[in-house]
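Examining the three-dimensional arrangement
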Amino acid sequence: MSEQRKTIEVVAAVIADGAGHVLATQCPPHKHGGGWEFPGGKIEPGESPQEAVVREIREELGVSVQVGDLLHTIEWDYPAFHLRMYCYACSIVQGDIQLKEHTAFCWAGVEQLPGIDWLTADVDALPAVAQWLSAMVK
């Protein structure tokens with residue numbers, strides 16, 4: 001009998017600047033080896049994915065975001081659990097970015113996305129993110 005792996009549901013904010021760039025945040029070295037990710041986190045009990053995005057981004061970056069469409073859902077198996085990550089299109093509506101959990105951030109256009117050292121699970125969202133960004137600047 002195979003062991004049932006726990007599924008952890010998280011959200012990620014794919015934050016665009018309106019000019020064809022998306023926000024990437026770098027994890028500290030002790031978390032995921034300092035790789036880059038779309039910011040976000042776990043969905044709390046009783047919370048919708050969209051509410052989780054708003055809360056997580058306020059906690060991690062000190063800004064308020066408007067949550068748009070679901071861009072992509074990532075299904076990824078880690079050794080100890082299965083990750084389901086909902087990636088939402090977002091824009092900053094209030095505040096300036098303050099790094100509260102990350103060590104760095106950058107704005108990247110479609111052409112820069114492949115050159116970033118993304119966490120493995122986040123790589124799965126890049127085609128959908130690139131398509132969204134490309135449509136934004138047309």
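Here the structure is shown first, and the text comes after it.
Calculation notes
Residues numbered from 1 in each chain as written. Predicted model: local features only at pLDDT ≥ 70, side-chain atom pairs only at ≥ 80, totals over all residues. Heavy atoms only, no water. Helix = DSSP H or I, 4+ residues; strand = E, 2+ residues; numbered from the N terminus. Buried < 20%, exposed > 50% of the residue type's maximum accessible area, 1.4 Å probe, protein only. Contact = heavy atoms within 4.5 Å. Disulfide = S-S within 2.5 Å. Expected span 1.5 Å × (residues − 1). Core = buried A, V, L, I, M, F, W, Y, C linked by side-chain atoms within 4.5 Å. Pairing = 2+ DSSP bridges. Polar contact = N/O pair within 3.5 Å; in protein donor to acceptor, adjacent residues only side chain to side chain.

**Regarding the environment of Ile92**
Mapped onto the elements, Ile92 comes out in strand E6 (residues 81–94). Of the residues examined, Ile92 reaches a relative accessible area of 29% and is grouped as partly exposed. If sequence neighbours within four positions are ignored, Ile92 has contacts with Ile15, Val63, Ser64, Val65, Ile97 and Trp107.

**Thoughts on the state of the cysteines**
The full count for this structure, using the stated rule, is 0 disulfides. Of all cysteine sulfurs in the structure, the one in Cys90 sits closest to Cys87, which takes part in no disulfide; the separation is 9.9 Å. Cys87 gets classed as buried once you look at its relative accessible area, which sits at 1%. Distance from the sulfur of Cys106, which forms no disulfide, to the nearest cysteine sulfur (Cys27) is 12 Å. Judged by relative accessible area, Cys106 falls into the partly exposed class, the value being 24%.

**Focus: the environment of Met136**
Considering the arrangement of structural elements, one finds Met136 in helix H3 (residues 126–136). Each residue touching Met136, except ones within four places of it in the same chain, is listed here: Ala16, Gly18, Ala19 and Gly20.

**Re helix H1 (residues 49–61)**
The first and last C-alpha atoms of H1 sit 18 Å apart over 13 residues, in line with the 18 Å expected at 1.5 Å per residue. Regarding H1, the residues found buried are Ala52, Val53, Arg55, Glu56, Ile57, Glu60 and Leu61. Contact partners of the buried residues in H1: strand E1 (6–16), strand E2 (21–26), strand E4 (40–42), strand E5 (64–77) and E6. The positive-phi residue at the C-terminal boundary of H1 is Gly62, with phi of around 70 degrees.

**Considerations on the nonpolar core**
Counting residues in each nonpolar core, the largest one holds 23 residues, and the members touching the most others are Val22, Phe38, Met85, Cys87, Leu113, Trp118 and Val129. The element contributing the most residues to this core is E1, with 5 residues. Here Phe38 is in contact with Ala12, Ala13, Val14, Val22, Leu23, Thr25, Trp118, Asp122, Ala125, Leu126 and Val129, once residues within four sequence places are set aside. Core analysis: the second largest hydrophobic core is formed by 15 residues, Ala13, Val63, Cys90 and Ile97 among them.

**Details of the pairing of E1**
With 8 of 11 residues buried, E1 is to be regarded as a mostly interior element. Sheet analysis places E1 next to E6, joined by 11 bridges and oriented parallel. Bridged to Ala16 within E6 is Ser91. Pairing of E1 with E4 involves 3 bridges; the strand directions are antiparallel. Bridge assignment links Val11 to a residue of E4, and that residue is Gly41.

**Section: the side chain of Glu47**
Along the polypeptide, Glu47 turns up in the loop between E4 and H1. In terms of polar contacts, Glu47 uses its side chain to reach the backbone amide nitrogen of Glu44, at 2.8 Å. With near-sequence residues (within four places) excluded, Glu47 lies in contact with Lys42, Ala52 and Arg55.

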